[in-house]
Amino acid sequence: MRTKVAIIGGGPAGLLLSHILDLHQVGSIVLERRSRAYVLRRIRAGVLEPHSVRLLRDTGLGERMDRDGQEHDGSAVVWGDNQRLLVDTRRFTGQPMMTYGQTALTEDLYAARDRAGSQIIDEADKVQLHDLLSDRPFVTYEKDGATQRIACDFVAGCDGQHGVSRESIPPSVRRTYERSYPFGWLGVMALAQPLPDITYANHARGFALASRRSATLSRYYVQCDPDTKPENWPDDLFWQELKARFPADVAARITIGQVVEKSITPLRSFVAEPMRYGRLFLAGDAAHIVPPTGAKGLNLAISDVFYLSRALSRFYSTARSDYLESYPAMALRRVWNAVRLSWWLTNLLHRFPHDTPFDQRMRETELGYLAGSTHAQASLAEQYAGLPFEP
Ligand code: APR
Ligand code: PHB
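Note that the structure is predicted; figures quoted are calculated from it, not measured.

## Observations regarding the site of ligand 2
The local shell around ligand 2 holds 14 residues, among which Tyr 200, Ser 211, Arg 213, Tyr 221 and Gly 294 are the closest. One of the side-chain nitrogen or oxygen atoms of Tyr 221 is found 2.6 Å away from an oxygen atom of ligand 2. Between ligand 2 and Pro 292, the relevant distance is 3.4 Å, taken from an oxygen atom to a main-chain nitrogen or oxygen of the residue. A total of 280 Å² of accessible area belongs to ligand 2 in isolation, and the protein chains cover 100% of it. Every element with two or more residues in the shell around ligand 2 is listed here: strand S15 (208-214) and strand S16 (217-224). For the shell around ligand 2, a count of residues per class yields eight nonpolar, four polar and two charged.

Structure below.
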């Protein structure tokens, strides 16, 4: 087999890259380790920045998102004695945010790829990347017991946190930066009417978050021990703990419903540099992980794909490689800003095991400053809505 771009990973990054390249007549093959059913069962974040929304609309992926997603003006933060701050992205950036689940977006992407007749090879085992420093790289994998080979011009490593692409960059070239946090998030999806606003809570019992997927589907999280298991959290305990972490009037408006999914996410910040090695380009979780606070993970995968698809399509239409050369630095500027925001929000909103009363006073003082300063709110809203893509 031969293709222009071999894309490793059929998550949002890999599928969106394949979709946009196709719009520019650049062919690709996607290799995914799991079955399609498995990929479509994964539940992840669900908040899209205006830049992500625009890119999805501009590339013909907006129809169901515009019908089923919910635009909202901003998100609320509550703490202390019922104090409240609205991160008003509409007021400060002129644009709304959108709640739309990553699971739904992944379905839309598979549907679009199927309509275009594109090649997505699932259950591709033992993917390996070869000759990345030559201009004739190739990829091998096993499918149904037979070894297959794809010759290509470029490899796009979109295979997430545990993929093979990042590991194909020699350790002598790779630099990694990491912070792990001493807690996780227990996430619950419930058939219940959500709160009107996405609401983040800083509480003595730990962080909590109320979000949504639709008018009848709520998404909730509570900060938990990183080693706990969903089985340790029967539904009753979860609802009780969730409500205990919000001010009484907010808790009173939380509707309890049937729990349809429960899972634990560890919290971690991680960046691997550079995002390029010869003919290999990394995008999305393959290169960086952010803690979910602020919902930047999916949006970063989308902005990486915007830069990488632009660079590759320019290369094929004009033979210019300037955007390919600048891809790692350009993508990483946006990545580091989002890493910083999600690290800062994580520190601001959670309780840490060895916190002193001083640490918590600092958080409350910062939250109070945010609530009282339009300058501080404008800065937070600008970052929460996401920095613009560079020209
Ligand atoms: N070979 C082929 N495919 C692989 C391999 C491999 N060796 N390793 C992993 N994969 C696949 C995974 O099964 C997964 O479907 O790569 C895909 C990567 O998808 P994601 O993990 O969803 O990563 P990405 O597409 O970058 O999307 C980022 O995911 O974790 C969230 O917060 C993150 O929302 C963000 C989004
Ligand atoms: C979600 O809806 O899953 C969500 C919302 C906001 C966040 C993180 C996750 O900051």
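Let's pick the thread back up.
## Quick look at helix H9 (residues 297-318)
Between its first and last C-alpha atoms H9 spans 32 Å; for 22 residues at 1.5 Å apiece the expected length is 32 Å, and the two agree. With respect to burial, H9 is a largely interior element, 16 of its 22 residues being buried. Where H9 terminates, the next one or two residues include Ala 319, which has phi positive at roughly 65°.

## Some thoughts on the nonpolar core
Among the nonpolar cores identified, the biggest contains 72 residues, and Leu 16, Leu 31, Leu 48 and Val 139 are the most heavily contacted of them. Tallying contributions element by element places H9 first for this core, with ten residues. Counting residues in hydrophobic clusters, the runner-up holds 28 residues, among them Val 77, Met 97, Leu 348 and Tyr 384.

## Quick notes on the packing of H9 against helix H10 (residues 322-349)
Interhelical geometry of H9 versus H10 gives an angle of 170° and a closest axis separation of 9 Å. Between H9 and H10, the interaxial angle falls into the category roughly antiparallel. Along the contact surface, H9 presents Asn 299, Leu 300, Ser 303, Asp 304, Tyr 307, Leu 308, Arg 310, Ala 311, Leu 312, Arg 314 and Phe 315, while H10 presents Asp 322, Tyr 323, Leu 324, Tyr 327, Met 330, Ala 331, Arg 334, Val 335 and Ala 338. Across the contact of H9 with H10, the residue classes break down as 13 nonpolar, two polar and five charged.

## Details of unusual backbone geometry
Look at the link from Glu 273 to Pro 274: it is a cis peptide, with omega at -10°. Even without glycine at this site, Lys 126 takes up a positive phi of about 50°. Positionally, Lys 126 belongs in strand S9 (residues 125-130).

## Some points on the site of ligand 1
Contacts to ligand 1 come from 25 residues, most closely from Glu 32, Arg 42, Arg 44, Gln 102 and Asp 285. With respect to ligand 1, the backbone of Ala 13 contributes an N or O atom lying 2.9 Å from an oxygen atom. A distance of 2.5 Å is found between an oxygen atom of ligand 1 and a side-chain nitrogen or oxygen belonging to Asp 285. Relative to its unbound accessible surface of 720 Å², ligand 1 loses 90% to contact with the protein. In terms of residue count, the dominant contributor to the shell around ligand 1 is H9 (three residues). Of the residues that constitute the shell around ligand 1, the class distribution is ten nonpolar, eight polar and seven charged.

## Points about the environment of Glu 261
Topologically, Glu 261 is positioned in strand S17 (residues 258-273). The spacing of Glu 261 and Val 188 is 73 residues in sequence and 5.6 Å in space, taken between C-alpha atoms. Only 3.0 Å separates the side chain of Glu 261 from the side chain of Arg 219, close enough to count as a polar contact.

## Observations regarding the packing of aromatic side chains
Both the distance between ring centres and the angle between the ring planes are used here to describe each pair of aromatic rings. Under the counting rule described, the total for this entry stands at 17 aromatic pairs. Three or more aromatic residues link up through ring pairs in this structure, and these residues are Phe 154, Phe 281, Phe 315, Tyr 316 and Tyr 327. Over the ring of Phe 154 we find Arg 279, and its NZ or CZ is 4.6 Å from the ring centre. If you follow Lys 296 out to its NZ or CZ, it ends over the ring of Tyr 384, 5.9 Å from the centre.

## Points about the side chain of His 51
The topology assignment puts His 51 in helix H3 (residues 50-58). Sequence-distant contacts of His 51, defined by excluding residues within four places in its chain, comprise Arg 334, Ala 385, Gly 386, Leu 387, Pro 388 and Phe 389.

## A closer look at the pattern of salt bridges
The full count for this structure, using the stated rule, is 27 salt bridges. Measuring nitrogen to oxygen at the nearest pair gives 3.2 Å for the salt bridge that ties Arg 67 to Asp 68. Of the residues examined, Arg 67 reaches a relative accessible area of 57% and is grouped as exposed. For Asp 68, a relative accessible area of 32% gives the class partly exposed. The structure contains a network of salt bridges with shared partners spanning Glu 49, Lys 296 and Arg 334.

## Focus on the environment of Glu 107
By the element assignment, Glu 107 lies in helix H6 (residues 102-115). Owing to a relative accessible area of 36%, Glu 107 belongs among the partly exposed residues under this scheme. As a C-alpha pair, Glu 107 and Val 39 span 68 residues in sequence and 9.3 Å in three-dimensional space. Setting aside its immediate chain neighbours within four residues, Glu 107 contacts Leu 40 and Arg 64. Engagement of the side chain of Glu 107 in a polar contact is seen with the side chain of Arg 64, the distance being 2.8 Å.

## Some points on the sheet that holds strand S4 (residues 70-72)
Reading across from one edge, S3-S7-S4 is the order of the three strands in this open sheet, with antiparallel pairing throughout. Taken across any chain shown, the strands that pair with only one partner, and hence form the sheet edges, are strand S3 (47-48) and S4. As judged from the two bridges shared by S3 and strand S7 (residues 97-99), these two strands associate in the antiparallel manner. Considered in S7, the bridge of Val 47 is made with Thr 99.

What counts, and at which threshold
- Per-chain numbering applies: the sequence of each chain, read as written, is numbered from 1 onward.
- Think of it this way: whatever chain is written first is A, whatever ligand is written first is 1, and the rest follow in order.
- Where local features are concerned, this predicted model is filtered to residues with pLDDT of at least 70; where side-chain atom pairs are given and counted, the filter is 80 or more; whole-chain, interface and lining totals use all residues.
- Excluded from the side-chain calculation are hydrogens and water; included are all heavy atoms of the structure.
- Summary of the distance rule: residues count as near a molecule or strand when at least one heavy atom falls within 4 Å of that molecule or strand.
- Between N or O atoms, a polar contact is any pair within 3.5 Å; within protein, one atom must be a potential hydrogen donor and the other a potential acceptor, and residues adjacent in sequence are included only when both atoms are from side chains.
- Surface accessibility in these figures is a Shrake-Rupley result with a 1.4 Å probe; residues are shielded only by whichever protein chains are displayed.
- Numbered from the N terminus, helices here are DSSP runs of H or I no shorter than four residues, and strands are runs of E no shorter than two.
- Any residue that is not Ala, Val, Leu, Ile, Met, Phe, Trp, Tyr, Cys, Pro, Asp, Glu, Lys or Arg is counted as polar, Gly included; the first ten are nonpolar and the last four charged.
- By definition here, a helix of n residues has an expected span of 1.5 Å times n minus one.
- Burial classes follow relative accessibility: with a 1.4 Å probe on protein chains only, a residue under 20% of its type's maximum area counts as buried, one over 50% as exposed, and anything between as partly exposed.
- Put simply, buried Ala, Val, Leu, Ile, Met, Phe, Trp, Tyr and Cys residues joined by side-chain atoms within 4.5 Å make one nonpolar core.
- Comment: axis = line fitted to C-alpha atoms, over the contacting stretch for helices; angle = value between 0 and 180 degrees taken between N-to-C directions.
- Roughly parallel here means an angle under 35 degrees, roughly antiparallel means over 145, roughly perpendicular means 65 to 115, and every remaining angle is called oblique.
- Here, two residues are considered to be in contact whenever any of their heavy atoms come within 4.5 Å of each other.
- Any Phe, Tyr or Trp ring, taking Trp's six-membered ring, that has another such ring centre within 6.5 Å forms a pair; planes under 30 degrees apart are called stacked, those over 60 apart edge-to-face, and the others tilted.
- For a Lys NZ or an Arg CZ to count as sitting over a ring, it must be within 6 Å of the ring centre and within 35 degrees of the ring normal.
- Note on definitions: salt bridges are taken to be side-chain nitrogens of Lys or Arg within 4 Å of carboxyl oxygens of Asp or Glu.
- Note on pairing: DSSP must find at least two bridges between two strands before they are called paired.

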